Amino acid sequence: MTTAVEKPRRLLPRWRDYGRPRELVVRYLLLLFVLGITVGPLVWQLLASLKSTSEDVFGSNATLLPHHPTLRAYRQIFEQVPVATYIRNSVIVVVLSIGSQLLFSTTAGYMLSKPGWKGRKAVWVVLVASMMFPFESIMVSLFLSIRDLGLVDSVVGVWLPGFVGAINVLLMRGAFLAVPREIEDSGMLDGANEWQRFRYLYLPSAWGAILVVVINTFISAWDDFLWPLIVLRSEDHMTLTLGLSRLQSSSFGYDQRVVMAGSVISVIPVLVLFVITQRWFYKGVSAGAVKL
């Protein structure tokens, strides 16, 4: 009696696992094209900020790579403007924004995902309708409210209008709706109250959506320029984006390399956050459903 010999398992995938070679080449070319559009401007800013004063940034004589790389532009920024103060103010706004967004978007999204209470559809309609109005349409009324509260020229005045966003509430609602009903029923049978079910069942299940809220809030609060420009007056309260924009004025001796260096400094925290959280960012909303 003969036995069939098991074939060795392939460790490397075959070409047909990914499609035809021609299709694979087209895919990679499209990916490289998208990569060049998204990352290309940032790489160009970084290379331009490393150029010396004898090298052109724009014009026919400009080159992509610096011939004599130098950190002069970065040293000049820290000598001309109080970057540490700007970073401190931006961090305060970001921390307040993330904290309030997580607190209110998770609780409000959880309430909207629970059926059976009056006014649920009305709140849903109001939230969706609020997303249709651009910020510029309510900018004047927001400034008058902040002025009446005495919060002009303060980081609290920068944070308060964006303490919670309708898009984050709806995002959390969708994540909580995806939690199977059987999980909550099992928690109720075990004697868990409303808070315990929210804390130990729903929040772990929506871990992916929570990370999306954190990243979106960080980017919007860190990169916000228009609202801080309207509210802030003194240099001690300026955020990083607003403070570094002053490098384009003639009073600081307008230098294209210094402006590029300021743009690189402002985008570094966003890149660091994405690198740290990318392994969790793409997880599904049910990733932590069984982690009680």
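Everything below is about the structure shown above.
A separate point is the overall build of the chain. For the chain, the count of helices and strands is 13 helices and zero strands. Secondary structure elements in the chain, listed N-terminal to C-terminal, are α-α-α-α-α-α-α-α-α-α-α-α-α. Per-residue burial over the chain gives 35% buried out of 292 residues. Long-range contacts, defined here as pairs at least 24 residues apart, represent 72% of the contacts in the chain between residues at least 6 apart. Counting every atom, the chain has about 18400 Å² of accessible surface; 66% of that belongs to carbon and sulfur.

Attention now goes to a nonpolar patch on the surface. A cluster of nonpolar residues, Val25, Leu29, Leu32, Leu35, Val39 and Val43, forms a patch on the protein surface that exposes about 520 Å² of accessible area. Tracing the backbone through its elements, the reader meets valine 39 in helix H1 (residues 21-49).

Tracing the chain through its elements places aspartate 153 in the loop between helix H5 (135-148) and helix H6 (155-159). One buried charge, aspartate 153, has no salt-bridge partner; the nearest side chain with opposite charge is arginine 233, at 6.8 Å. Sequence-distant contacts of aspartate 153, that is, excluding residues within four places in its chain, are made with Val231, Leu232, Arg233, Ser234 and His237.

Membership of the largest hydrophobic core comes to 47 residues, with the highest contact counts inside it found for Ile77, Val81, Met172, Phe176, Phe218 and Leu244. The residues touching leucine 244, leaving out its near neighbours within four places in the chain, are Ile77, Val81, Tyr86, Gly262, Ile265 and Ser266. Core analysis: the next-biggest nonpolar cluster, separate from the first, contains five residues, Leu112, Ala166, Val169 and Leu170 among them.

A word on the environment of lysine 114. The residue lysine 114 is located in the loop between helix H3 (83-112) and helix H4 (120-130) in this model. Under the relative-accessibility criterion, lysine 114 is labelled buried at 15%. Along the sequence, lysine 114 and leucine 177 sit 63 residues apart, while their C-alpha atoms lie 8.3 Å from each other. Contact partners of lysine 114, with chain neighbours within four places excluded, come to Arg120, Arg181, Glu184, Glu194 and Tyr202. Separated by 2.5 Å, the side chains of lysine 114 and glutamate 184 make a polar contact.

As a further point, take the layout of surface pockets. Summary: where empty space remains is shown by rolling a probe the size of a single water molecule over the atoms. The calculated volume of the largest pocket comes to roughly 970 Å³. Residue lining of the largest pocket: 32 residues in total, with Gln101, Pro161, Gly162, Val164 and Gly165 positioned closest to the centre. For the lining of the largest pocket, the secondary structure elements donating two or more residues are H3, H4, H5, H6, helix H7 (166-177), helix H10 (207-223) and helix H11 (226-231). Each residue belonging to the lining of the largest pocket can be placed in one class, and the counts come to 22 nonpolar, nine polar and one charged.

Rules and cut-offs
- Residues numbered from 1 in each chain as written.
- Predicted model: local features only at pLDDT ≥ 70, side-chain atom pairs only at ≥ 80, totals over all residues.
- Heavy atoms only, no water.
- Helix = DSSP H or I, 4+ residues; strand = E, 2+ residues; numbered from the N terminus.
- Buried < 20%, exposed > 50% of the residue type's maximum accessible area, 1.4 Å probe, protein only.
- Contact = heavy atoms within 4.5 Å.
- Areas by Shrake-Rupley, 256 points an atom, 1.4 Å probe, with all protein chains shown as cover.
- Patch = residues over 30% accessible without salt bridge, like charges linked within 9 Å, V, L, I, M, F, W, Y side chains within 5 Å.
- Salt bridge = Lys/Arg side-chain N within 4 Å of Asp/Glu carboxyl O.
- Lys, Arg positive; Asp, Glu negative; His and termini not counted.
- Core = buried A, V, L, I, M, F, W, Y, C linked by side-chain atoms within 4.5 Å.
- Polar contact = N/O pair within 3.5 Å; in protein donor to acceptor, adjacent residues only side chain to side chain.
- 1 Å grid on protein atoms, 1.4 Å probe; cavity = no way out; pocket = protein on both sides within 12 Å on 5 of 7 lines; lining within 4 Å.
- Points joined across faces, edges and corners; volume = space filled by probe spheres on them.
- Nonpolar A, V, L, I, M, F, W, Y, C, P; charged D, E, K, R; others polar.

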